[in-house]
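In case you want the letters, here they are:
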Amino acid sequence: MRTSVDLTLEHPQTAVDALSDATGLPKQRIKDAMAKGACWWTQKRKQVRLRKAKRQVQPGTRLQLFYDDAILARTPPHATLLDDRGRYSVWFKPHGMLAQGSQWGDHCSLLRVAEVELARTCHLVHRLDADAAGLILIAHDGKAAAALSALFAGRDITKRYQARVTGIINTESQLIETEVDGKSARSHITTMAVDDQEQTSLLTVDIETGRKHQIRKHLASIGHAIIGDRLYGRPAPLPLQLLAYELAFECPLSRRRVQWQLPEPFNQLPIGQ
């Protein structure tokens, strides 16, 4: 079942009662949907998620519910906390996990998983494709989020990836600067290994810019699409073979150089499967 409702309350009522009355859904299913981030209300002129089912809502308040039982039934993949720096943390996001949720819910997103596990406010600093895996930063206060986000915006951060691609390519520090969506984009690729039998290559990719799907588009543009890339290559039994395995930057909070590389067993994409 997939449905949405948008209503403005005419009299005081708990959120769960109002939404149950409007949709005909049992209150327990409404409560579950609210807990999983599928309900929204206006707070301080901003639409935010409303999770408390018994919240007393005043007349004139707008409530929205985006209910999809297939989405709500999903179980989140397991994310791993690698380093907790207090004001921000470093996580391993597995293949298939969203960085943040949608209007239909957020319980399967890394941001919500981190929020529940750490019992702290969480702010997304940068993005990583849902199909990709690897390192991702999460900030835990507004100032830390702004400072870390500025590093990404200013290109003051080292981001290194591994990509397993179709075909044999032997190259070192090859620059790809094909525009992405009409904007400049720069990627550097180096071959780590090749598999002649499988006709695949394992590359490291350093990016200077962070355009949407930049690595996927750049590698496809030179005839070596990432294995498992259903958008720019072709589907495969494996998930998208793209891994964000290194982050390094001058921390704006501690004023010290920090660096992370994925530890085992997260740190490589196998060749020859």
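Not measured: the values here are computed from a predicted model. Within any chain, residue numbers begin from 1 and follow the written order of that chain's sequence. Local features in a predicted model are, by the rule used here, given only for residues with pLDDT of at least 70; side-chain atom pairs are given and counted only at 80 or more, and totals for whole chains, interfaces and linings are based on all residues. Remark: hydrogens and water are excluded; side-chain values derive from all non-hydrogen atoms of the structure.

Draft legend 1. Quick peek at the packing of helix 1 (residues 15–23) against helix 2 (residues 27–35). Two elements in contact, helix 1 and helix 2, have axes separated by 9 Å at closest approach and are oriented at 115 degrees. As for how helix 1 packs across helix 2, the hand of that crossing is right-handed. Across from A15, V16, D17, L19, S20 and T23 in helix 1, the residues of helix 2 making contact are K27, I30, K31 and M34. Under the grouping applied here, Gly and all other residues not named as nonpolar or charged are polar, the nonpolar ones being Ala, Val, Leu, Ile, Met, Phe, Trp, Tyr, Cys and Pro and the charged ones Asp, Glu, Lys and Arg. Residues belonging to the contact of helix 1 with helix 2 are distributed by class as follows: 5 nonpolar, 2 polar and 3 charged. To obtain each axis, a line is fitted to C-alpha atoms, and for helices this fit is confined to the stretch in contact; angles are then taken between N-to-C directions over 0 to 180 degrees. The numbering of helices and of strands both runs from the N terminus, where a helix is a DSSP run of H or I of at least 4 residues and a strand a run of E of at least 2. With the far helix as reference, a near helix turned anticlockwise by less than a right angle produces a left-handed crossing, and one turned clockwise produces a right-handed crossing. The criterion used for residue contact is that any of the two residues' heavy atoms lie within 4.5 Å.

Draft legend 2. Structural context of the sheet that holds strand 6 (residues 62–68). Any two strands with at least two DSSP-identified bridges between them are counted as paired. Pairing is antiparallel across the open sheet formed by 4 strands, whose spatial order is 1-6-3-4. Strands with a single pairing partner mark the edges of an open sheet, and in this sheet they are strand 1 (2–8) and strand 4 (46–49). Taken pair by pair, the neighbouring strands of this sheet meet at an average axis angle of 20 degrees, ignoring direction. By the bridge criterion, 7 bridges tie strand 1 to strand 6 in an arrangement that is antiparallel. Its bridge partner lying in strand 6, R2 is registered against D68. Packing of helix 1 onto the sheet brings it into contact with strand 1, strand 3 (39–43) and strand 6, and relative to strand 1 it is tilted by some 120 degrees.

Draft legend 3. Here's a closer look at the nonpolar core. In this structure, W91, Y161, V205, I215, L219, I226 and L242 are the most contacted members of the largest nonpolar core, which totals 30 residues. Broken down by secondary-structure element, the contributors of at least two residues to this core are helix 4 (110–118), strand 10 (133–139), strand 11 (157–166), strand 14 (200–207), helix 6 (214–221) and strand 15 (242–250). Ranked by residue count, the leading element in this core is helix 4, at 5 residues. For Y161, the residues in contact, after removing those within four places along its chain, are L128, L203, T204, V205, I207, I215, L242, L243, A244 and Y245. Side-chain atoms within 4.5 Å are what join buried Ala, Val, Leu, Ile, Met, Phe, Trp, Tyr and Cys residues into a set we call a nonpolar core. Partly exposed describes any residue whose relative accessible area lies between the buried limit of under 20% and the exposed limit of over 50%, with all areas from a 1.4 Å probe on protein chains only and scaled to the type maximum.

Draft legend 4. Inspection of the environment of D68 at higher detail. Assignment of secondary structure puts D68 in strand 6. D68 gets classed as buried once you look at its relative accessible area, which sits at 8%. Aside from chain neighbours lying at most four places away, what touches D68 is M1, R2 and W104. Nitrogen and oxygen atoms within 3.5 Å of one another constitute a polar contact, given that in protein one can donate a hydrogen and the other can accept it, and given that sequence-neighbouring residues count only through two side-chain atoms. Only 2.6 Å separates the side chain of D68 from the side chain of R2, close enough to count as a polar contact.

Draft legend 5. Broad picture of the environment of L7. Mapped onto the elements of the fold, L7 is located in strand 1. Assessed through its relative accessible area of 18%, L7 is described here as buried. Expressed as a C-alpha distance, the spacing of L7 and T61, which sit 54 residues apart in the sequence, is 8.3 Å. Excluding residues within four positions of it along the chain, L7 makes contact with A18, L19, A22, T61, R62 and L63.

By themselves, these are just geometric observations and shouldn't be taken as functional.
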